[in-house]
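# Chain and residue survey
Letter by letter, the chains look like this.
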Amino acid sequence: MINSNSSLWRVSAMVLSIVVLAVSMMCWLTSWLLSQSLGTISRAVIEDDLGEYSVLYEKGGVEMIRSLYEAGSHQKYHVLRVLDAKGADLLSMQSEGIVAQNIPLPPVSLGMTTWKTTPMSNGDLLLLGGRGLKDGARIWFGRTDREDRQILSGVQRQFFLSAIFTAVISMLPVLWFVRRVLCPVRSFIESARILTEGDRLDERLRGNDGIAELREFARALNTSLDRVAGLTEELEAANDQLAHELRTPLARVRGNIDVVLAHYGEDAGREAAVLSIEEIERSTALIQAILAVRAGDTRSMRLHLEALSLKGLLTDICELYTAAAEQRELCLELLVTGDATVLVDRQRMQQAVSNLLDNALAYTPPKGLVTVLLDVEPDHATIHVRDTGPGVSETDHGRIWRRFMRGSAASANTPGIGLGLSLVKAVAHVHRGEAGVDNQPEGGADFWIRLPTSLDASSKPVPGL
Amino acid sequence: MTILFAEDDPELARQVLTAMRGQGHAITLCVSGTQALSLALNREWDMILMDVSMPGMDGFEVVKRYRASGGVAPVIFITARAEVADRVAGLAIGGDDYLTKPFAMAELSARVEALHRRFKRAPAAVPAVISNPLLPQGWRLDSVKRSVTMGGRTIELQPREWSLLDVLLNNEGRVLTKSYLLDEVWNIRFDPGTNVVDAAVFRLRKKLDPADGPSHIETRRGEGYVFHRHDQL
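All of the points below concern the structure found in this document. (Residues numbered from 1 in each chain as written. Chains lettered and ligands numbered in written order. Predicted model: local features only at pLDDT ≥ 70, side-chain atom pairs only at ≥ 80, totals over all residues.)

A word on the overall build of chain A. If you tally the helices and strands in chain A, you get eight helices and twelve strands. Counting all 465 residues of chain A, 27% fall into the buried class. For chain A, the proportion of contacts with a sequence separation of at least 24, taken over those separated by at least 6, is 62%. (Helix = DSSP H or I, 4+ residues; strand = E, 2+ residues; numbered from the N terminus. Buried ≥ 20, exposed ≤ 12 C-beta atoms within 10 Å, placed from the backbone. Contact = placed C-beta atoms within 7 Å.)

If you want it as structure tokens, here you go:
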């Protein structure tokens, strides 16, 4: 989830920064070009006006200048000064905020405009053009850049608004990306997780909302998953059939060996018969376990459910193991904190606990302690089988639950074929529970089976019965 | 005892016939479900052994129809399907016991005997006291205290030890298999990976056996356990 979210943020951030960068560049370029043009226009206007004022001065003196100046809309941002040859003020016109006398005047020459830019106290820039007049008088006319800047900031505001609008619009592809790419990919990840960790192998990718490529991908992968599932099913069905079919020949062989054992006098022959019978019993147990684990995997294990006291169930199984524990110089104790009545298949659950006890007895060295503990909480009960053996190594944690996998603590002499814990897990699963293992802080393993304790029909463990 | 045996596997059938005849039972074999049903209904039987998977009609169906037609003989199902639900289905439709392939002949005969005994005395209350007339001489049992008194010493037994002794005494001289004891004493129909029965028998033997002289409980490797009544003085 975190990863796919981060890709969403990444895409959003990239799109947004592209939009912001593009709009700012355009804004900067436009402003620069505009301010250049406005500057040129400003000079042209001043030059034009100065020309007009020069002509008017020659025709009618300073009064003509005044009347033209007043006729124009020069209330704002403008300044006009005319000095006679001696430097006396003939005319001084100014807009609000500008004190004409304070403005330094550049020297002028006849027939040509000289320029000067002066910063004003309010931050504006005043562009002043000066010219010499025929009788030695001089005229200056200037204009501040306030108006230009207002135009510029107006343009910039428009750019800003359109940038926001573009950014919002650019989120549409992001939304599309989320809906058509990210959501399907997320559901793929979820499906893959179920296939890897869960107990359901019928999970398939769902990419109906995705883009065509993802739909195609999901279809192709689902087809191959179906194929694998079909083959697995065939193989497992063949295995089941084989396991079933082996029972009858085993029964025949066993029957004959029984006869040998009953009617054969010599010790060596009897010993051979006994070993054969033990071998047949092991094979039978193996077949039984394979079929049970398989049934548990596919949740097709048929259960005979009864409402049973877990305390009673554990008491019975501990009684069964007491003598065997004593024989191994182990102390087997049952600790019960309260009792819970649960819907269980007694045989299956006892077999699961018995498998855990088999392991505990096999792996705990003499003088050790094996504790069966029932821990009852409001909505679930946990059966623990703890020992003082070597515990379960980090690498074994996951693999010991797999079929035919034995922990590294197992030696050639440790009994078992590596199906016990698979069966424990299968039994826990069909009872809507869980099984797991922790190492105790003081050493030794703590295997547990957690079962839901509610007895209502909705939590009834198995669909079949 | 007259026994009807329905089984379609000839080799297994042969073995069971040999074993049962060897024990003096009159056993009749049939090889299909339909044949089994007509034979079952046409004669009186002390016991019916019914294989579950047979051609034609399966064992469950045969017994269902047999019971529906008023047949009363006790039925033991023999099945290659070990799933508990199959067993329950078998018992629910009128079977009295079941056995999973492969099995020891000793177990089959123990079950046949036990069911036959139970069936014959069914109407009477089962006595709570172990009242086996063949108790070793000098033994006295107290079922309230669950104790055995012999030669001046009293040995108290755990509940399961008491049940184990009960089953052994009731089958004195007969081989009892591990799986039969697991079922009868602990009500368990799977094979634990640990030698639990062996250990339990060992412990009981240590409590009961005289300091000198032969043991009461014999272990026969590959077969099971036999209780012997070595009379003590």
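This part is about the pairing of strand β1 (residues 78–83) of chain A. Consecutive residues of a regular strand have side chains that alternate between opposite faces of the sheet. Residues and elements named next belong to chain A. Judged by how many residues are buried, β1 sits mostly within the fold: six of six residues are covered. Here β1 shows a buried face lined by His 78, Leu 80 and Val 82 and a second buried face lined by Val 79, Arg 81 and Leu 83. Inspection of the sheet shows β1 paired to strand β5 (residues 138–144) by six bridges, in the antiparallel sense. Bridge pairing links His 78 to Arg 143 in β5. (Pairing = 2+ DSSP bridges.)

Right, let's talk about helix α5 (residues 310–327) of chain A for a bit. Residues and elements named next belong to chain A. Here α5 spans 26 Å end to end across 18 residues, near enough to the 26 Å set by a 1.5 Å rise per residue. Where α5 bends most, at Tyr 321, the angle is about 40 degrees. Of the residues making up α5, those classed as buried are Leu 310, Leu 314, Ile 317, Leu 320, Tyr 321, Thr 322, Ala 323, Ala 324 and Ala 325. (Expected span 1.5 Å × (residues − 1). Bend = angle between axes of the 7 residues up to and from the residue.)

This paragraph deals with the interface of chain B and chain A. Facing 33 residues of chain B, the contacting portion of chain A comprises 46 residues. For the side of chain B that touches chain A, the elements supplying multiple residues, two or more each, are α1 (10–22), α4 (84–92) and α8 (196–208) of chain B. A per-element tally of the side of chain B that touches chain A places α8 of chain B first, with five residues.

Our next topic: the nonpolar core. Core analysis: the largest hydrophobic core is formed by 117 residues, its most contacted members being Ala 352, Val 353, Leu 423 and Val 424 of chain A together with Ala 6, Leu 49 and Met 50 of chain B. When residues in this core are grouped by element, the largest group, nine residues, is from helix α6 (residues 346–363) of chain A. Residues within four places of Ala 6 of chain B in sequence aside, it is in contact with Cys 30, Ala 36, Leu 49, Met 50, Asp 51, Met 54, Gly 59 and Val 62 of chain B. Core analysis: the next-biggest nonpolar cluster, separate from the first, contains 17 residues, Tyr 53, Leu 127, Leu 133 and Phe 141 of chain A among them. (Core = buried A, V, L, I, M, F, W, Y, C linked by C-beta atoms within 7 Å.)

Right, let's talk about the sheet that holds strand β1 (residues 2–6) of chain B for a bit. Strand pairing in a sheet relies on backbone hydrogen bonds, with the paired strands running either antiparallel or parallel. Residues and elements named next belong to chain B. In space, the five strands of this open sheet follow the order β2-β1-β3-β4-β5, with parallel pairing throughout. Both outer strands of the open sheet, β2 (26–30) and β5 (97–100), are each paired with one neighbouring strand and no more. For this sheet, the mean angle separating the axes of adjacent strands, direction not counted, is 20 degrees. Pairing of strand β3 (residues 47–51) with strand β4 (residues 75–79), which is carried by four bridges, proceeds in the parallel orientation. (Axes fitted to C-alpha atoms, helices over the stretch in contact; angles between N-to-C directions.)

With respect to burial, β5 of chain A is a largely interior element, seven of its seven residues being buried. The side-chain alternation of β5 of chain A yields two buried faces, one formed by Arg 138, Trp 140, Gly 142 and Thr 144 of chain A and the other by Ile 139, Phe 141 and Arg 143 of chain A.

So, on to the sheet that holds strand β12 (residues 445–452) of chain A. All names here are of chain A. In spatial order, the strands read β7-β9-β10-β12-β11; together these five strands make up an open sheet with mixed pairing. Every other strand in the sheet has two partners, leaving β7 (331–337) and β11 (434–439) as the edge strands with one partner each. Pairs of neighbouring strands in the sheet enclose a mean axial angle of 15 degrees, with direction left out of account. Two strands pair when backbone bridges link them, and β11 and β12 are joined in this way by six bridges, in the antiparallel orientation. Counterpart to Asn 439 in the pairing with β12 is Ala 445. Where α5 meets the sheet, it contacts β7, β9 (369–376) and β10 (380–386), and its direction lies at approximately 170 degrees from that of β7. Contacts between α6 and the sheet are confined to β9, β10 and β12, with β10 contributing the most and set at about 25 degrees to the helix.

We now examine unusual backbone geometry. In this model, Lys 101 of chain B is joined to Pro 102 of chain B through a cis peptide bond whose omega is -10 degrees. Inspection of the secondary structure puts Pro 102 of chain B in the loop between β5 and α5 (105–120). Located in the positive-phi region is Arg 432 of chain A, a residue other than glycine, with phi close to 60 degrees. Structurally, Arg 432 of chain A is set in the loop between α8 (420–430) and β11. Overall, the presence of 16 C-beta atoms within 10 Å leaves Arg 432 of chain A in the partly exposed class.

Turning next to the environment of Leu 157 of chain B. Residue and element names in this part refer to chain B. Along the chain, Leu 157 turns up in the loop between β8 (153–156) and α6 (159–170). Placed twelve residues apart in sequence, Leu 157 and Lys 145 show a C-alpha to C-alpha distance of 8.3 Å. Beyond its immediate stretch of four places on either side in the chain, Leu 157 contacts Arg 146, Ser 147, Val 148, Trp 162 and Leu 165.

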